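Each chain, written out:
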Amino acid sequence: MGCLKKTLSFLLIFVSIYARGTPLQETDPVRQRKPFFERLRRLEEQFQRLQQVTLTHLQDIANNYNVYYNVDARFQSLVEESQAIALAVNQSQAAIQEDVAHLKTWFRKNQRRSKKVDAQLQALNLSLSTNSRQWVEEEREQKAQREATANLTLGLRALQDSLASLSQQVHSQEARLAALEGQMQRASPGAAAPGLTTVPTPTQLAQRGPGSLQLRRSSQTSRASLHRGSPPQDFTVHVQKTQKFQAPSSPQAAPPRTQQGPGNICSTGPVLIFPNASTENVIFLSPGFLVPLRALSFCSWVRMASGHLGTLLSYATKDNDNKLVLHGRDSLVPGTIHFVIGDPIFRELSLRPLLDGQWHHICIIWTSMEGKYWLHIDRRIVATGSRFREGYEIPPGGSLVLGQEQDTMGGQFDSSEAFVGSISGLAIWDRALIPREVANLATGKELPTGAILTLTNATSVGGFVQRANCTCLEQCP
C-alpha cells in the first residue's frame, strides 16, 4: 500500500508540472521545449533513485518477513532442545545417583576389607616380632659358628703351615738320603747300577771288611733317625761323619757316578711325537680340572728335537688364557721356560739338560701353601722357590692342551710357541709329590696314586702328531 501511494503522488507531481509548462510552450514553443526536457531528465533521474530506494525498502521488507517467518520454527527447535537437555540432565542425575550408590557400597566394602587388613597386619606384626627374635637368636648362633669357623680356619692354616714345613723337611731329608745312598754306592766296590739302590747283606759286608760293616750300621742309624723325624742339622753331621769314616777304609778311589740311562725305563705308556712346529700339532685333554686346585704336580718324560723349548702345557679359561702354562718360545733364552700360574705372574725355569736330544724325566711341583715350587730333572731337585701365587686356586672348567699355547680358550696358536719333540708317561696330580715318589716315578718303579690326568685322557690329537708304542724309551724313533 505504501508503494501505491508513492506512485500516485509521483503522477500528480508529474501532471502539475506538465500543466504548468503547456502555456509556456504555446507562447514560446522553441524556448520552452528545452527546459521541459531537462526537467524530464531530472525526473527520470529522480525516478531511478526512487526505484532504487523502493527496491531497497522492498528487500528489507522481504528480509524482515523471512525473519519473522523463521522465528516460530526457531522457537520450536529451542523448545525441543531444552526438552532434550532436561531429559539428559535427568538421565545424568539418575546415573550420578547410581554411581553414588555404588561408591557407598564400595566404601563400605573397603571399610570391611581395611578392618580385615588391619587384623592381618597386627597378626603379621606379631609374627614379625617373633621372627625377629628368632633371627636375633639365629644370628647369634651364626656369629658363634663363624667364630668357631674362624678358629677352625686359623687351626687349619696352622696345620697347613705345619704340613708345609713338614713337607719341606721331608723333601730336604729325602734329598740328603739320596745323597747318602749315592755315597754308599760309590763307597761299595760291588754297588748296583746307579739309581737303583741295592742294600748288601750282613754276610757281604763282613766279607768286605769292618769298614763296610760300620758303613752299613751308620746307614741304618741314619735311616732310623730320619724316620724318627730328627732335625736336618743332625742328619748333616751324621753324613759328614760317615764320609770321614769312608775315606781310610776304602782301598781304592770311588768310581764316578753315572746317571741311569733312559733305556732302562720301560712300560711308560704310549709316546706322542710332535714332528714340527705346525700350529695344528695339538693334543686336548678332557676332562680338564673339575675342582679348584691348590696344589699341582706335572711329571713327564720329554725328549727335545729343536734348539728351544716349546710350550709343554697350556690351561686357559674364559676370563684368562694363562691360568696355567709351561710356556716356551723361540725368543726366550735357550733351555728356559716360563712357569705361569694366573697371568701375568710367572717363574723362569732352566731346563738346559733337555737340549741334548735325549730322554729326560721332569717334574714341576707347586703348592699354594707359602707358594712353594720345585723343579725335578732326572730325580734331582734343580730349582726351588716360594712366595709364588701363595693362597691361589687354579679354577676349574677350562681348556687343557699339550704342545701349544692358547691365546684364547681352545685356539689362536702360534708356531713360535709350539713344542717339537716327544713326550711319554705324562701325568698330573692335584697334590705335591714328595721326592721319593718322584724318584720312584723316574726309575719306573711305580706311578704315585691319585693322578687326575694322564695321556689316556687325550680326546683329540690333531695335525701331524704321531703315536708310537715302544717297550722302552730308547727304542722309540
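Just so it is clear, the model here is predicted, and its values are computed rather than measured.

*Asks:* Explain the overall build of the chain here, please?
*Replies:* Each helix and strand counted, the chain has six helices and 15 strands in total. Buried residues in the chain amount to 33% of all 477 residues. Once local pairs closer than 6 in sequence are excluded, the contacts in the chain between residues at least 24 apart make up 68%. Approximately 29200 Å² of the chain is accessible, and the part contributed by carbon and sulfur atoms is 56%.

*Asks:* Is there a simple way to explain the state of the cysteines in this structure?
*Replies:* Think of a disulfide as a covalent bridge from one cysteine sulfur atom to another cysteine sulfur atom. Applying the stated criterion to the full structure yields three disulfides. Across a sulfur-sulfur distance of 1.9 Å, Cys-299 and Cys-363 are joined as a disulfide pair. Its S-S torsion of about 120 degrees marks the bond between Cys-299 and Cys-363 as right-handed, since a negative value means left-handed. Taken together, the residues Cys-299 in strand β3 (residues 295-304) and Cys-363 in strand β8 (residues 360-367) connect sequence positions 64 residues apart. Owing to a relative accessible area of 0%, Cys-299 belongs among the buried residues under this scheme. Disulfide partner of Cys-470: Cys-476, at an S-S distance of 2.1 Å. Using a relative accessible area of 6% as the deciding quantity, one classes Cys-476 as buried.

*Asks:* Looking at this structure, how should I read the pattern of salt bridges?
*Replies:* For the structure shown, the criterion picks out seven salt bridges. Salt-bridge contacts for Arg-329 lead to Glu-417; the nearest nitrogen and oxygen are separated by 2.7 Å. Of this pair, Arg-329 sits in the loop between β5 (324-327) and β6 (336-341) while Glu-417 sits in the loop between β11 (399-402) and β12 (421-429), placing them 88 residues apart in sequence. Since its relative accessible area comes to 26%, Arg-329 is described here as partly exposed. For Glu-417, a relative accessible area of 7% translates into the label buried. Taken together, the salt bridges that share partners define one network made up of Arg-329, Asp-414 and Glu-417.

*Asks:* Looking at this structure, I do not really get the sheet that holds β11. What am I missing?
*Replies:* Within a beta sheet, neighbouring strands are joined by backbone hydrogen bonds and run either parallel or antiparallel to one another. Read across the sheet, seven strands follow the order β7-β6-β5-β4-β11-β2-β14 without closing on themselves; strand pairing throughout is antiparallel. In this open sheet, the two strands that pair with only one neighbour each are β7 (346-350) and β14 (458-461). Each neighbouring strand pair of the sheet contributes to a mean axis angle of 20 degrees, computed without reference to strand direction. As paired elements, strand β2 (residues 283-285) and β11 share three bridges and run antiparallel to each other. Of the residues in β11, the one forming a bridge with Ile-283 is Leu-402.

*Asks:* Is there a simple way to explain the nonpolar core in this structure?
*Replies:* Soluble globular proteins: nonpolar side chains tend toward being buried together. In terms of nonpolar packing, the biggest core is built from 40 residues, with Phe-289 and Phe-339 touching the most fellow members. With four residues, the single largest contributor to this core is β3. Residue contacts for Phe-289: discarding those within four places in its chain leaves Leu-296, Tyr-315, Leu-324, Ile-394, Pro-396, Gly-397, Leu-400, Ile-428, Ile-452 and Leu-453.

*Asks:* It is not clear to me how unusual backbone geometry should be interpreted in this structure. Could you clarify?
*Replies:* Only a minority of non-glycine residues have a phi that is not negative, and only a minority of peptide bonds are not trans. Ser-286 connects to Pro-287 through a cis peptide bond whose omega is -5 degrees. Secondary-structure assignment places Pro-287 in the loop between β2 and β3. In the Ramachandran plot, Arg-387 falls in the positive-phi region, its phi being about 60 degrees despite a non-glycine side chain. Position of Arg-387 among the secondary structure elements: in the loop between β10 (380-385) and β11. With a phi angle near 55 degrees, Gln-412 is a residue other than glycine that sits in the positive phi range. Tracing the sequence through the fold places Gln-412 in the loop between β11 and β12.

*Asks:* What should I look at first to understand helix α6 (residues 435-442) in this one?
*Replies:* Since there are 3.6 residues in each turn of an α-helix, residues three or four apart along the chain are aligned in direction. Within α6, seven of the eight residues are buried, which leaves the element mostly enclosed by the surrounding structure. Within the sequence span of α6, burial applies to Pro-435, Glu-437, Val-438, Ala-439, Asn-440, Leu-441 and Ala-442. Just beyond α6, the residue with positive phi is Gly-444, at close to 75 degrees.

*Asks:* Sorry, what's going on with the pairing of β8 here?
*Replies:* Regular strands show a simple pattern: their side chains alternate between the two faces of the sheet. Of all the eight residues making up β8, eight are buried; the element is thus mostly covered by neighbouring parts of the structure. Every second residue of β8 is oriented toward a common face, with His-360, Ile-362, Ile-364 and Trp-366 on one face and His-361, Cys-363, Ile-365 and Thr-367 on the other, all of them buried. Two strands pair when backbone bridges link them, and β3 and β8 are joined in this way by eight bridges, in the antiparallel orientation. Its bridge partner lying in β8, Ser-300 is registered against Ile-362. Across six bridges, β8 lies against strand β9 (residues 372-377) in antiparallel orientation. Bridging across to β9, Thr-367 finds its partner in Lys-372. Linking two consecutive strands that pair antiparallel, namely β8 and β9, is a turn of four residues; a positive phi of about 65 degrees is found at Glu-370 within it.

Conventions used here
- Residues numbered from 1 in each chain as written.
- Predicted model: local features only at pLDDT ≥ 70, side-chain atom pairs only at ≥ 80, totals over all residues.
- Heavy atoms only, no water.
- Helix = DSSP H or I, 4+ residues; strand = E, 2+ residues; numbered from the N terminus.
- Buried < 20%, exposed > 50% of the residue type's maximum accessible area, 1.4 Å probe, protein only.
- Contact = heavy atoms within 4.5 Å.
- Areas by Shrake-Rupley, 256 points an atom, 1.4 Å probe, with all protein chains shown as cover.
- Disulfide = S-S within 2.5 Å.
- Salt bridge = Lys/Arg side-chain N within 4 Å of Asp/Glu carboxyl O.
- Pairing = 2+ DSSP bridges.
- Axes fitted to C-alpha atoms, helices over the stretch in contact; angles between N-to-C directions.
- Core = buried A, V, L, I, M, F, W, Y, C linked by side-chain atoms within 4.5 Å.

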